[in-house]
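Spelled out from the first residue to the last, the chains are:
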Amino acid sequence: MALNTSAETPIPVGEVSRLIGGWIDRLGAVWVEGQITQLSRRPGAGVVFLTLRDPSYDISLSVTCFRSVFDRVADVVSEGARVVVQAKPEWYAPRGQLSLRAAEIRPVGVGELLARLEQLKKSLAAEGLFAAERKRPLPFLPQLIGLVCGRASAAERDVLENARLRWPAVRFEVRNVPVQGVHAVTRVVEAVRELDAHPGVDVIIVARGGGSVEDLLPFSDEQLVRTVAACRTPVVSAIGHEPDTPLLDLVADLRASTPTDAAKQVVPDVGEELHRIQQLRERALRAVGGLLDREERGLAAARARPCMERPHRMVEEREEQITALCDRARRTLGHLLDRADSELAHTRARVVALSPAATLERGYAVLQRPDGSVVRAAREVPEGERLRARVAEGELTVVAAGGSGANPDGTGAGGAGADGAGAAATGPGAGGTADGAGPE
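All of the points below concern the structure found in this document. Since the model is a prediction, treat every value here as computed from it, not as a measurement.

## Side note on the packing of aromatic side chains
Alright, step 1. The final tally for this structure, using the stated rule, is zero aromatic pairs.
Alright, step 2. Taking NZ or CZ as reference, R101 lies 5.1 Å from the ring centre of F66, over its face.

Rendered as structure tokens:
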């Protein structure tokens with residue numbers, strides 16, 4: 001119930017404490033789970049004092065109980081143990097303190113813890129925090145490695161020594177934190193967040209040696225699992241030994257079986273890399289050598305070809321072919337010319353044989369009138385008409401004489417016919433004209 005107070009009408013501290021106590025007294029008993037961080041059993045005292053802590057949220061409450069209540073579980077409960085307590089909230093007015101009065105204390109067994117972890121595992125898996133596609137690849141050669149581990153622990157020594165043996169130049173950013181107990185979860189979460197925010201850290205290793213299920217519980221805490229899932233830097237989980245599988249192994253980008261294995265997984269071995277480089281160089285040399293050998297063989301085969309061995313051979317072969325073609329062309333042309341010449345000779349012989357000049361050469365004569373017309377019949381020429389007689393070698397002037405003894409073709413040869421008729425030759429020498437005209 002709200003109180004009506006002011007600066008002028010305040011209420012005393014005792015009244016406030018009394019009112020708070022009265023409200024808390026009305027609360028009933030509750031079952032509370034937590035981890036015992038402090039345990040005080042004073043000899044002879046009838047009351048045992050405990051501090052119950054929630055490791056996930058860094059919250060603690062004081063618990064008191066009668067010795068008889070604690071004695072029932074004294075053999076199995078100690079500091080660091082997880083317990084379930086039935087208690088009633090109490091308010092101690094003189095000091096203004098809240099505490100729990102325990103009526104029953106039950107230790108949380110391993111089976112119950114495993115069952116709760118399995119339930120939490122299913123819940124986180126349903127959210128996709130363990131999905132393979134969320135896993136980020138580790139860098140081949142990290143320049144700076146973040147390491148979260150216990151102070152001066154065997155896990156720290158194993159990671160540092162094995163990593164430097166494999167790659168001497170590797171550097172580490174180490175965060176020493178409690179790896180078990182009530183403060184483990186909070187400190188590990190803070191260290192992981194700090195390294196994730198570091199701009200130079202390439203990968204984070206969370207390492208711890210082996211232990212019991214209770215000892216490894218901080219690495220199955222839901223808060224730590226969600227913190228690792230939200231990291232931008234790849235995270236490697238190296239918790240315990242091979243059989244140990246806290247939930248951190250499932251959400252991490254890589255799970256190493258041991259801290260030593262984490263160093264081998266994160267840092268490459270310089271000797272192996274040098275050997276691999278040597279192998280790659282030898283392989284490259286073999287590949288280049290094989291390529292050169294193949295090209296040399298191809299070049300040698302190309303050079304051994306006749307056209308490459310004697311480049312002029314192709315020209316010589318073509319020259320021979322051209323010479324043969326030229327000879328063939330000359331022979332063909334000669335044959336054609338010879339045939340044409342023969343045909344021309346035959347044609348010329350026929351023309352000559354059929355020409356009037358050839359007829360005149362055989363002793364015939366052509367009679368022409370003064371106008372140049374040829375006399376073809378004797379009856380066409382009147383007696384006394386002067387005619388020109390063309391012979392093979394010149395012309396004669398003749399006079400037609402009367403009579404019927406003319407040749408059947410009507411021409412006269414400058415002589416008389418059988419009946420005494422004929423043409424008398426006239427002109428100088430009576431043997432032909434002086435111009436010596438030849439046949440047409």
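## Some points on helix α9 (residues 270–304)
Alright, step 1. A rise of 1.5 Å per residue sets the reference length of α9, with its 35 residues, at 51 Å; its end C-alpha atoms lie 50 Å apart and thus fit the reference within 8%.
Alright, step 2. Two or three places before G271, at the opening of α9, D269 has a side-chain oxygen 3.0 Å from that residue's backbone nitrogen.

## Topic: the packing of helix α4 (residues 154–166) against helix α8 (residues 259–266)
Alright, step 1. With their axes 8 Å apart at the nearest point, α4 and α8 run at an angle of 30° to one another. Between α4 and α8, the interaxial angle falls into the category roughly parallel. The crossing of α4 and α8 is right-handed. Of the residues in α8, those touching α4 at A155, D158, V159, N162, A163 and R166 are P259, T260, A263 and K264.

## Comments concerning the pattern of salt bridges
Alright, step 1. Inspection of every chain in the model, using the stated rule, returns 16 salt bridges.
Alright, step 2. Measuring nitrogen to oxygen at the nearest pair gives 3.1 Å for the salt bridge that ties R175 to E194. Of this pair, R175 sits in strand β7 (residues 171–176) while E194 sits in helix α5 (residues 184–197), placing them 19 residues apart in sequence.
Alright, step 3. Residue R175 is classed as buried on the basis of its relative accessible area, which comes to 18%.
Alright, step 4. According to the relative accessible area criterion, E194 is partly exposed, its value standing at 43%.
Alright, step 5. Notably, a salt bridge pairs E385 with R369, separated by 4.0 Å at the nearest N-O pair. Placement of the pair is E385 in the loop between β11 (366–368) and β12 (386–391) and R369 in the loop between β11 and β12, with a sequence separation of 16 residues.
Alright, step 6. A residue is classified by how much of its surface remains accessible, and R369, at 18% relative accessible area, is buried.

## Some details on the packing of α5 against helix α6 (residues 222–229)
Alright, step 1. Following both chains from N to C, one finds α5 and α6 inclined at 5°, their axes separated by 9 Å at the closest point. The angle between the axes of α5 and α6 places the two elements in the roughly parallel class. For the pair α5 and α6, contact is made by V185, V188, V189, V192 and R193 and by Q223, L224 and T227, respectively.
Alright, step 2. Here the contact of α5 with α6 is built from residues that sort into five nonpolar, two polar and one charged.

## Considerations on the environment of E79
Alright, step 1. Relative to the helices and strands, E79 is located in the loop between α2 (67–71) and β4 (82–92).
Alright, step 2. Aside from chain neighbours lying at most four places away, what touches E79 is I36, T37, Q38 and L39.
Alright, step 3. One polar contact links the side chain of E79 to the main-chain amide nitrogen of L39, over a distance of 3.3 Å.

## Focus: the sheet that holds strand β9 (residues 235–239)
Paired through their backbone hydrogen bonds, the strands of a sheet run either parallel or antiparallel.
Alright, step 1. The strand order β7-β6-β8-β9-β10 describes an open sheet built from five strands, whose pairing is parallel. Single-partner strands in this sheet number two, and they are β7 and β10 (254–255).
Alright, step 2. The pairing of β9 with β10 spans two bridges and is classified as parallel. Among the inter-strand pairings, S237 is bridged to a residue of β10, identified as R255.

## As for the sheet that holds strand β3 (residues 59–66)
Alright, step 1. Strand order around the closed barrel formed by five strands is β1-β2-β3-β5-β4, with mixed pairing between neighbours. When strand polarity is set aside, the average angle formed by the axes of neighbouring strands in this sheet is 55°.
Alright, step 2. With four bridges joining them, β3 and strand β5 (residues 97–107) adopt parallel strand pairing. By the bridge assignment for β5, T64 is matched with R101.
Alright, step 3. Contacts from helix α1 (residues 13–25) reach β4 and β5, with the element oriented near 140° to β4.

## Quick notes on a nonpolar patch on the surface
Alright, step 1. A contiguous nonpolar patch, built from L3, I11, V16, L19 and I20 and spanning about 350 Å² of accessible area, is present on the exposed surface.
Alright, step 2. Its location among the elements puts L3 in the segment before α1.

## Some thoughts on the nonpolar core
Alright, step 1. Core analysis: the biggest nonpolar cluster contains 29 residues, and V148, V206, F219, L248 and V251 have the highest contact counts within it.
Alright, step 2. Listing elements by their share of this core, those giving two or more residues are α3 (110–126), β6 (144–149), α5, β8 (203–208), α6, β9 and α7 (247–251).
Alright, step 3. Membership of the second largest hydrophobic core comes to 19 residues, among which are I145, A238, A263 and V267.

## Considering the pairing of strand β2 (residues 47–54)
Alright, step 1. Relative to β2, strand β1 (residues 30–40) runs antiparallel, the two sharing five bridges. Along β2, the bridge assignment pairs Q35 with R53.
Alright, step 2. In this antiparallel pair of consecutive strands, β1 and β2, the connection spans six residues, and G44 shows a positive phi of 80°.
Alright, step 3. For β2 and β3, the ladder comprises eight bridges, and the chain directions are antiparallel. By the bridge assignment for β3, V48 is matched with C65.

Calculation criteria
- Residues numbered from 1 in each chain as written.
- Predicted model: local features only at pLDDT ≥ 70, side-chain atom pairs only at ≥ 80, totals over all residues.
- Heavy atoms only, no water.
- Phe/Tyr/Trp six-rings, centres within 6.5 Å; stacked < 30°, edge-to-face > 60°.
- Lys NZ or Arg CZ within 6 Å of the ring centre and 35° of its normal.
- Helix = DSSP H or I, 4+ residues; strand = E, 2+ residues; numbered from the N terminus.
- Expected span 1.5 Å × (residues − 1).
- Polar contact = N/O pair within 3.5 Å; in protein donor to acceptor, adjacent residues only side chain to side chain.
- Axes fitted to C-alpha atoms, helices over the stretch in contact; angles between N-to-C directions.
- Parallel < 35°, antiparallel > 145°, perpendicular 65-115°, else oblique.
- Left-handed = near helix turned anticlockwise from the far one by under 90°.
- Contact = heavy atoms within 4.5 Å.
- Salt bridge = Lys/Arg side-chain N within 4 Å of Asp/Glu carboxyl O.
- Buried < 20%, exposed > 50% of the residue type's maximum accessible area, 1.4 Å probe, protein only.
- Nonpolar A, V, L, I, M, F, W, Y, C, P; charged D, E, K, R; others polar.
- Pairing = 2+ DSSP bridges.
- Patch = residues over 30% accessible without salt bridge, like charges linked within 9 Å, V, L, I, M, F, W, Y side chains within 5 Å.
- Areas by Shrake-Rupley, 256 points an atom, 1.4 Å probe, with all protein chains shown as cover.
- Core = buried A, V, L, I, M, F, W, Y, C linked by side-chain atoms within 4.5 Å.

That's the geometry; what it means functionally is another story.
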